[in-house]
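Structure assessment
For reference, the chains in residue letters:
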Amino acid sequence: METVDSSHMRTMNSTTLLRMIWQEQEISRADISRMTGMSRSSVSAIVAELLERDLVSEQGVRHSSSGRRPTMLSFHSNAYSIIGVDMGATHVAFALMNLKGMIRESRFRLCPVQSEPQQTMQLIIDTIQSMKDAADHDNCPVIGIGLGLPCPVHPDEQQSPIHEGILPAWVGLNPRSLLRERFGLPVLFDNDANLGALAELWWAKEPERNNLAFIKLGTGVGAGLILNGRIHRGRFGLAGELGHMLVHLQPNSGMQNLNDVLGSVSLMKRAHELGRQHPQSLLSGCNLTLQRWLEAALDKDPVAEQLFNEVIFTLGSTVASLLVMLDLDAIVLSGNLSAAGDMVLHRIRDVVRQHLIWKDLHTIPLRWSQLGEHHIALGAATMILEKAMNDLSWFPLKTIIKPDWDREGDVSHASPH
């Protein structure tokens, strides 16, 4: 009988081997044995299972100057699909991803998520069904659904993923249970900013960063924190809830939180007030949008520029605080100031230089996310991939053995890729 220790070792070896093939374009069994120290018989047994689960394919033989020519193995990226869902405050985005992070299909829909949970869930169910049908038609079956939520997620919270204080209209509605019952697939969920950070960890073209902050500027302000290659959630899942940090805009001003200063709703409210107070400003008028405010600030409109300076100072102070508190490798921004591009980054760096005496922190990479508008949905799908890459049972055998996914405690934890 196989012992627990040997079973655990087999699982670790299988995971190691799968990740190695996943990372390489092509690799032979002999190369794997040499690089890992595993015996050739162990490697062959694990490869046989990967072939049976359709995760690996044999790609012919490689030229060899002596001895037997080795058969090359490659990862089967399109064997399965994963669906990621980004449920924002005012939108829902979807991504159908293969096993190497390529988005095969994406959709974006405006939706009153905060106030209309039933309408939102119907949209999510209909879209997932459509994507699942397309994946089945292409013989790339879906192995799981990842869900990004616009609220904190308690690490131990299994039955009520929606935070009632943030989305009171969703009280009593459990999207995870609804999706699991509807599709018979594993469903994992996490905070949207955490998933943005996870997507950056896995898929950004920048050099690997094991300590980074992903700051999401939208209706509210949130951050996903990657520390030592893993998402840092804190005891109650509240790590990175920057929107509730208190700030002083001016020496004698009252306290405000970052959502009041940087959130898109509050920004537009403040911009409209300034437009009414200053009719000569480009902010004056009923058609004011976030984009028009940014354009007015870039055109040196004094009133728009004043608001822009307040926003930059607050955001720069937040970045400086994160850097000195966590000594990060990089900070990635996403959201409602991205239209101003590098100008925002330059101004933030100015604030950092003014407030931090440690010159090493002045050079920490600061950039906008390059993963596109579906980056949270991509992170949600990646959450499923990360879980599956550590447990082969998520990928069904051709003999159709049901994966052992149906258990509680499914909030995944990110690990280095």
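Just above, that's the structure.
Quick look at the structure, then. On a predicted model such as this, the values are computed, not experimentally measured, just so you know. (Residues numbered from 1 in each chain as written. Predicted model: local features only at pLDDT ≥ 70, side-chain atom pairs only at ≥ 80, totals over all residues. Heavy atoms only, no water.)

This part is about helix H13 (residues 375–388). Helical geometry note: an α-helix holds 3.6 residues per turn, so side chains three or four residues apart project in the same direction. Taking 1.5 Å per residue, 14 residues should reach 20 Å; H13 reaches 20 Å between its end C-alpha atoms and fits that length. Burial within H13 is extensive, with 13 of its 14 residues counted as buried. (Helix = DSSP H or I, 4+ residues; strand = E, 2+ residues; numbered from the N terminus. Expected span 1.5 Å × (residues − 1). Buried < 20%, exposed > 50% of the residue type's maximum accessible area, 1.4 Å probe, protein only.)

Locating Asn 98 in the fold gives a position in the loop between strand S5 (91–97) and strand S6 (103–110). A polar contact is formed between the side chain of Asn 98 and the backbone nitrogen of Lys 100, at a distance of 2.9 Å. A polar contact of 2.9 Å, which involves the side chain of Asn 98, links it to the backbone nitrogen of Met 102. (Polar contact = N/O pair within 3.5 Å; in protein donor to acceptor, adjacent residues only side chain to side chain.)

Moving on to the sheet that holds S6. What the five strands build is an open sheet, ordered S6-S5-S4-S7-S8; its pairing is mixed. Looking at which strands have only one partner, the edges of the open sheet turn out to be S6 and strand S8 (187–191). Averaged over neighbouring strand pairs, the angle between their axes works out to 15° when direction is ignored. Inspection of the sheet shows strand S4 (residues 81–87) paired to strand S7 (residues 142–149) by five bridges, in the parallel sense. The partner of Ser 81 across the bridge, within S7, is Val 142. The sheet contacts of helix H4 (residues 117–137) involve S4, S5, S6 and S7, and relative to S5 the element is tilted by about 15°. In this fold H13 packs onto S4, S5, S6, S7 and S8, with an angle of close to 135° to the strand it touches most, S4. (Pairing = 2+ DSSP bridges. Axes fitted to C-alpha atoms, helices over the stretch in contact; angles between N-to-C directions. Contact = heavy atoms within 4.5 Å.)

Counted by the stated rule, this structure contains two cavities of 30 Å³ or more. There is about 60 Å³ of room inside the largest cavity. Every residue along the wall of the largest cavity is listed here: Val 319, Leu 323, Ile 331, Arg 349, Val 352, Leu 361, His 362, Ile 364, Pro 365 and Leu 366. When contributions to the lining of the largest cavity are tallied by element, the ones reaching two or more residues are helix H10 (302–326), helix H11 (342–355) and helix H12 (359–362). Of the residues assigned to the lining of the largest cavity, the class counts are eight nonpolar, one polar and one charged. The space that makes up the second largest cavity amounts to roughly 30 Å³. Asn 191, Asn 194, Arg 233, Gly 237, Ala 239 and Glu 241 together form the lining of the second largest cavity. (1 Å grid on protein atoms, 1.4 Å probe; cavity = no way out; pocket = protein on both sides within 12 Å on 5 of 7 lines; lining within 4 Å. Points joined across faces, edges and corners; volume = space filled by probe spheres on them. Nonpolar A, V, L, I, M, F, W, Y, C, P; charged D, E, K, R; others polar.)

What follows covers the pairing of S6. As defined by bridge partners, S5 adjoins S6 across seven bridges and the pair is classed as antiparallel. When the bridges of S6 are listed, Phe 94 appears paired with Arg 107. The turn joining S5 and S6, which pair antiparallel and follow one another in sequence, is formed by five residues; a positive phi near 85° is taken by Gly 101.

Before going further, it helps to spend a moment on the nonpolar core. Grouped together as the largest cluster of nonpolar side chains are 49 residues, with contacts concentrated most on Ile 215, Leu 283, Trp 293, Leu 323, Ile 331, Leu 337 and Val 344. Considering every element that reaches this core, the biggest residue donor is H10, with eleven residues. Judged by nonpolar contacts, the second largest core, of 48 residues, contains Ile 143, Trp 202, Ile 384 and Ala 388. (Core = buried A, V, L, I, M, F, W, Y, C linked by side-chain atoms within 4.5 Å.)

Another point: a nonpolar patch on the surface. On the surface, Val 324, Met 325, Ile 357 and Trp 358 cluster together into a nonpolar patch covering about 480 Å² of accessible area. With respect to the secondary-structure elements, Ile 357 resides in the loop between H11 and H12. The exposure class assigned to Ile 357 is exposed, which follows from its relative accessible area of 71%. (Patch = residues over 30% accessible without salt bridge, like charges linked within 9 Å, V, L, I, M, F, W, Y side chains within 5 Å. Areas by Shrake-Rupley, 256 points an atom, 1.4 Å probe, with all protein chains shown as cover. Salt bridge = Lys/Arg side-chain N within 4 Å of Asp/Glu carboxyl O.)

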